[in-house]
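# Inside the fold
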Amino acid sequence: MAQNIRDYEKLAVDIVEAVGGKENIINATRCATRLRLVLKETPKDAHKKVSELTGVITVVENNGQFQVVIGTHVGKVFDKVQTLVDLDENSEEDTPKGSIVNRVIATMSAVFAPFIYILAAAGLLQGCLIIINMINPGFASTGTYEVLSFISWAPFTFLPVFIAITASKHYKCNTFIAVACCAALVSPEWASIASRIAGGEAVTFLRIGLAETTYTSTVLPPLFLVLALSYLEKFVDKIIPEVVKSLFTPFICILIMVPLTILVIGPVSDGVATAIANGYNALYNFAPVVAAAVIGGLWQVVVIFGVHW
């Protein structure tokens, strides 16, 4: 059983040594409570050695991952592991593949775990504001409320930017290019254009009509954007001369990915979310009890994929 410790850096070193050293680690990620390692091979005594370390709750081996359950302090251990293991050198290694469901869950864990408590903190602030307004309704009309309110909504408004940072690390592409692309999606200028489209104005890009989809607080569009970017960036890097690669790789990637998202990725993912919503509403009208059971059982999954809106 885990004990309270302070030296998480030592724990990270001990874990790396127990699993065969940094040379045996292909990849390392984390979720909210677990350090997830992909090993070239699992030493026979690794499970026992790691389980006995102070600060480790248990060890789980599943779908090619050596998962070390640490608890809420896993971030501190993971930060040290990153400094011990050169993941870039191992990035070309073949990573064992699990089922599609497990790979999707692993991706979502890698993308959301680093900032999940930021969203929780923002939600906590929103809850506090609701309670204060119930006690003192006049508080909602003050400048103090307005400032605290936009602070609480900021992480959700710019959620695509958070996803760009973590997803780019997961898919191993340039973080700054990913952020630039996702920042464009949540820019006020695009929100203004989308508003005009929603009002009936026809706006085109290269003679292709644009949809009114907006991207603040979205999950799937930025996630798919970064996934596509990871392939595009590798392709562009191969064909661009080394002397101009630093400039033209981001130029070409941004020029392609942002319009591609606005024209295809965004509307398609929005259509999927709308179809799910319409399907649920139809189910609710037909069988309210069943609809309640479905939304109760799947709510966490729905929120993870950003279609709860």
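Reference entry: report on the structure contained in this document. (Residues numbered from 1 in each chain as written. Predicted model: local features only at pLDDT ≥ 70, side-chain atom pairs only at ≥ 80, totals over all residues. Heavy atoms only, no water.)

On to the environment of Thr-72, then. Residue position: Thr-72 is located in the loop between strand E4 (65-69) and helix H3 (74-84). For Thr-72, a relative accessible area of 58% gives the class exposed. Sequence separation of Thr-72 and Thr-33 is 39 residues, and the distance between their C-alpha atoms is 5.3 Å. (Helix = DSSP H or I, 4+ residues; strand = E, 2+ residues; numbered from the N terminus. Buried < 20%, exposed > 50% of the residue type's maximum accessible area, 1.4 Å probe, protein only.)

What follows concerns the pattern of salt bridges. In total, this model carries five salt bridges according to the counting rule given. With a closest N to O distance of 2.9 Å, Asp-14 and Lys-10 form a salt bridge. Of this pair, Asp-14 and Lys-10 both sit in helix H1 (residues 8-18), four residues apart, roughly one helical turn. Under the relative-accessibility criterion, Lys-10 is labelled partly exposed at 47%. For Glu-201, the salt bridge identified is with Arg-196, shortest N-O distance 2.9 Å. The exposure class of Arg-196 is partly exposed, given its relative accessible area of 37%. (Salt bridge = Lys/Arg side-chain N within 4 Å of Asp/Glu carboxyl O.)

On to the sheet that holds strand E2 (residues 34-39), then. Pairing within the open sheet is antiparallel, and its four strands lie in the order E1-E2-E4-E3. The sheet terminates laterally at strand E1 (25-30) and strand E3 (58-62), the two strands that pair on one side only. In this sheet, adjacent strand axes meet at a mean angle of 20° when their direction is disregarded. Pairing between E1 and E2: five bridges, direction antiparallel. Bridging from a neighbouring strand, Ala-28 pairs with Leu-37 of E2. Along the sheet face, H3 touches E1 and E2 and points at about 150° away from the line of E1. (Pairing = 2+ DSSP bridges. Axes fitted to C-alpha atoms, helices over the stretch in contact; angles between N-to-C directions. Contact = heavy atoms within 4.5 Å.)

Structurally, the position occupied by Thr-218 is in the loop between strand E6 (208-209) and helix H11 (220-239). Note on Thr-218: relative accessible area 15%, which makes it buried. Setting aside residues up to four positions removed in sequence, Thr-218 forms contacts with Leu-159, Pro-160 and Ile-163.

We now examine the packing of aromatic side chains. Using the criterion set out here, one finds six aromatic pairs in the structure. Between Trp-190 and Tyr-215 the ring centres are 6.5 Å apart and the planes differ by 35°, which places this aromatic pair in the tilted class. Here Trp-190 is found in helix H10 (residues 188-198), whereas its partner Tyr-215 is found in the loop between E6 and H11, with 25 residues between them in sequence. Among the residues examined, Trp-190 registers a relative accessible area of 7% and is labelled buried. When its relative accessible area of 1% is taken as the criterion, Tyr-215 is described as buried. An aromatic cluster of at least three residues, connected via ring pairs, comprises Phe-112, Phe-115 and Phe-162. (Phe/Tyr/Trp six-rings, centres within 6.5 Å; stacked < 30°, edge-to-face > 60°.)

Here we come to helix H8 (residues 159-170). With 12 residues, H8 extends 16 Å between its outermost C-alpha atoms, agreeing within 8% with the 16 Å of an ideal straight helix rising 1.5 Å per residue. Two residues or fewer past H8, Lys-172 is found with a positive phi of approximately 60°. (Expected span 1.5 Å × (residues − 1).)

Counting buried positions along E4 yields five of five residues, so the element is predominantly enclosed. Looking at chain direction, E2 and E4 are connected through four bridges and run antiparallel. Bridge pairing in E4 links Arg-34 to Val-69.

Turning our attention to a nonpolar patch on the surface. Judged by side-chain polarity, Leu-247, Phe-248, Phe-251, Leu-255, Ile-256, Leu-260, Val-264, Val-268, Val-272 and Ile-276 come together as a nonpolar surface patch covering roughly 870 Å² of accessible area. Structurally, Val-268 is set in helix H12 (residues 245-286). A residue is classified by how much of its surface remains accessible, and Val-268, at 52% relative accessible area, is exposed. (Patch = residues over 30% accessible without salt bridge, like charges linked within 9 Å, V, L, I, M, F, W, Y side chains within 5 Å. Areas by Shrake-Rupley, 256 points an atom, 1.4 Å probe, with all protein chains shown as cover.)

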